[in-house]
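Descriptive structure summary
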Amino acid sequence: MLKFIIKRLLYCTLILFLVMFFIYTLMVSLPSGYIEKQARMLSQQPGTQKSYEQWVAEMEVNLGMDKGLFEGYFTWLGNAAKGDFGESWNWTVPVVQKFRDVIWYSFILSCIAFVLETAIAIPLGILAAKKQYSLTDYSISVVALVGISMPTFFLASLLKLVFAANLKWFDIGGMQGRDYGQLDALGRFFDVAHHMILPVITLTIIGIGGLMRYTRTNTLEVLNADYIRTARAKGLSEKRVIGYHAFRNTLIPIVTIIGGSLPGLFSGALITETLFDIRGIGYVSYHSMINGDIPFTMFYLAFSSILILLGTLLSDILYAVVDPRVRLN
């Protein structure tokens, strides 16, 4: 296992090196007029202390445009390895500082939705498999298909229309109420939690569909296996057969999917955060992209690449851990 992990880490390092080079090449291939346009906009912002020429020079240095492609890339990569991604053009603070300020909002939001999604989808998927072709199975399948098919922006807009605009139970968006500054610590906590309810519901509904269908399919496959028929022939109760023998083997492929989705807790929910005005990493990265904030965009793309590679590695490791029959050479 250790040899496998080391080998995969080396592969991941090579892939990450190539991906970051591709990202860097795309960013520095933008027309020089684009850099000048951004510098002019930043120099005209209220409170700025840098002139147009200073902004242009700083941008070229940050991107390594004052050097060749390969030399500039290795310069940028060396700074990135030290945690220096430059200053955000849109937020006018260091990129890493802005990331630290917003990442925990996305993590808490995604973590709560992930726990609810897992707690709802897996039991319902197993229940649908136990009662195949029954009204319960059809009802759960319809809910799953709705979750899979419904676009995030449509569901979020529908929830806002019903619960915020019509019923007035929640605010249309934002993370704080009007009287947030007058509340004590406990009141502020519940105020922020109240504003997180609709985004969490959106992410949960969108996420349960695929996991529910996957659980149902795997459970049906396990229930038709020979060892399940043998367990029933021995006189074991249906509760014992489903809850012990079938459930454990059903979880083997599901755990790998869940493991692969864990790094996604840090990547943010771009559409949901933007629609509900949740200032997480997804919201910040979206506005950085549309406003031409190249340093933050490069950081976010590199960060997302690392998460994807770690998620893939974690899935492979978890599969070997939960299934002793798997041996990785």
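1. Points about the overall build of the protein
When helices and strands are tallied, the protein shows 13 helices and zero strands. Each helix (α) and strand (β) of the protein, taken in turn from the N terminus, gives the series α-α-α-α-α-α-α-α-α-α-α-α-α. Put simply, the protein has 329 residues, and 40% of those count as buried. Taking contacts inside the protein between residues at least 6 apart in sequence as the whole, the part at least 24 apart equals 71%. With the model as given, the accessible surface of the protein reaches about 18100 Å², and the carbon-plus-sulfur share is 65%. Here the protein contributes 27 positively and 23 negatively charged side chains, and the mean placements of these two sets differ by 13 Å.

2. Structural notes on empty space enclosed by the protein
According to the stated counting rule, one finds two cavities of 30 Å³ or more in the structure shown. There is about 60 Å³ of room inside the largest cavity. Class assignment for the residues of the lining of the largest cavity results in five nonpolar, four polar and one charged. A volume near 30 Å³ is recorded for the second largest cavity. As for the second largest cavity, its lining consists of Asn62, Leu63, Trp76, Phe85, Pro295 and Met298. Of all the secondary-structure elements, those providing two or more residues to the lining of the second largest cavity are α3 (52-63) and α13 (294-322). Tallied by class, the residues present in the lining of the second largest cavity amount to five nonpolar, one polar and no charged.

3. Looking at the packing of aromatic side chains
Applying the stated criterion across every chain, the model contains 17 aromatic pairs. Consider the rings of Trp104 and Phe107, whose centres lie 5.6 Å apart with planes at 90°: the pair is edge-to-face. Taken as a pair, Trp104 and Phe107 lie in helix α5 (residues 95-130) at a separation of three residues, close to a single helical turn. Here Lys98 stacks its cationic end above the ring of Trp91, 4.4 Å away from the centre of that ring. Its guanidinium or amino end placed over the ring of Phe276, Lys160 lies 5.7 Å from that ring's centre, counting from NZ or CZ.

4. Describing a nonpolar patch on the surface
A surface patch of nonpolar side chains, about 590 Å² in accessible area, is lined by Leu14, Phe17, Leu18, Leu69, Phe70 and Phe74. Structurally, Leu18 is set in helix α1 (residues 2-28). On the accessibility criterion, Leu18 (48% relative accessible area) is partly exposed.

5. Description of the layout of surface pockets
Taken as a whole, the largest pocket holds about 420 Å³ of empty space. The wall of the largest pocket is formed by 21 residues, among which Glu117, Leu203, Gly207, Ser261 and Gly264 lie closest to the centre. If you list the elements that add at least two residues to the lining of the largest pocket, you get α5, α8 (185-223), α10 (238-261) and α11 (270-275). Take the lining of the largest pocket: its biggest share by element is five residues, from α5. When the residues that make up the lining of the largest pocket are grouped by side-chain class, the tally is 11 nonpolar, nine polar and one charged.

6. Some words on the pattern of salt bridges
The full count for this structure, using the stated rule, is three salt bridges. Of the charged contacts, one joins Asp137 and Arg216 as a salt bridge, the two residues approaching to 2.8 Å between their closest N and O atoms. Remark: Arg216 occurs in helix α8 and Asp137 occurs in helix α6 (residues 135-149); sequence separation between them is 79 residues. Each member of the pair, Asp137 as well as Arg216, is classed as buried.

7. Quick notes on unusual backbone geometry
One non-glycine residue, Lys168, adopts positive backbone phi at about 65°. With respect to the helices and strands, the residue Lys168 is situated in the loop between α7 (152-166) and α8. Residues other than glycine seldom take positive phi values, yet Asp277 does so here, at roughly 60°. For Asp277, the position within the fold is in the loop between α11 and α12 (281-290).

8. Comments concerning α10
Taking 1.5 Å of rise per residue, 24 residues should cover 34 Å, and α10 covers 32 Å from first to last C-alpha, within 8% of that figure. Those residues of α10 lying buried are Val241, Ile242, Ala246, Thr250, Ile252, Pro253, Ile254, Thr256, Ile258 and Gly259.

9. A look at the environment of Tyr24
With respect to the helices and strands, Tyr24 occurs in helix α1. By relative accessible area, which is 1% here, Tyr24 ends up buried. As a C-alpha pair, Tyr24 and Gly72 span 48 residues in sequence and 9.1 Å in three-dimensional space.

Parameters at a glance
- Residues numbered from 1 in each chain as written.
- Predicted model: local features only at pLDDT ≥ 70, side-chain atom pairs only at ≥ 80, totals over all residues.
- Heavy atoms only, no water.
- Helix = DSSP H or I, 4+ residues; strand = E, 2+ residues; numbered from the N terminus.
- Buried < 20%, exposed > 50% of the residue type's maximum accessible area, 1.4 Å probe, protein only.
- Contact = heavy atoms within 4.5 Å.
- Areas by Shrake-Rupley, 256 points an atom, 1.4 Å probe, with all protein chains shown as cover.
- Lys, Arg positive; Asp, Glu negative; His and termini not counted.
- Charge placed at Lys NZ, Arg CZ, Asp CG, Glu CD.
- 1 Å grid on protein atoms, 1.4 Å probe; cavity = no way out; pocket = protein on both sides within 12 Å on 5 of 7 lines; lining within 4 Å.
- Points joined across faces, edges and corners; volume = space filled by probe spheres on them.
- Nonpolar A, V, L, I, M, F, W, Y, C, P; charged D, E, K, R; others polar.
- Phe/Tyr/Trp six-rings, centres within 6.5 Å; stacked < 30°, edge-to-face > 60°.
- Lys NZ or Arg CZ within 6 Å of the ring centre and 35° of its normal.
- Patch = residues over 30% accessible without salt bridge, like charges linked within 9 Å, V, L, I, M, F, W, Y side chains within 5 Å.
- Salt bridge = Lys/Arg side-chain N within 4 Å of Asp/Glu carboxyl O.
- Expected span 1.5 Å × (residues − 1).

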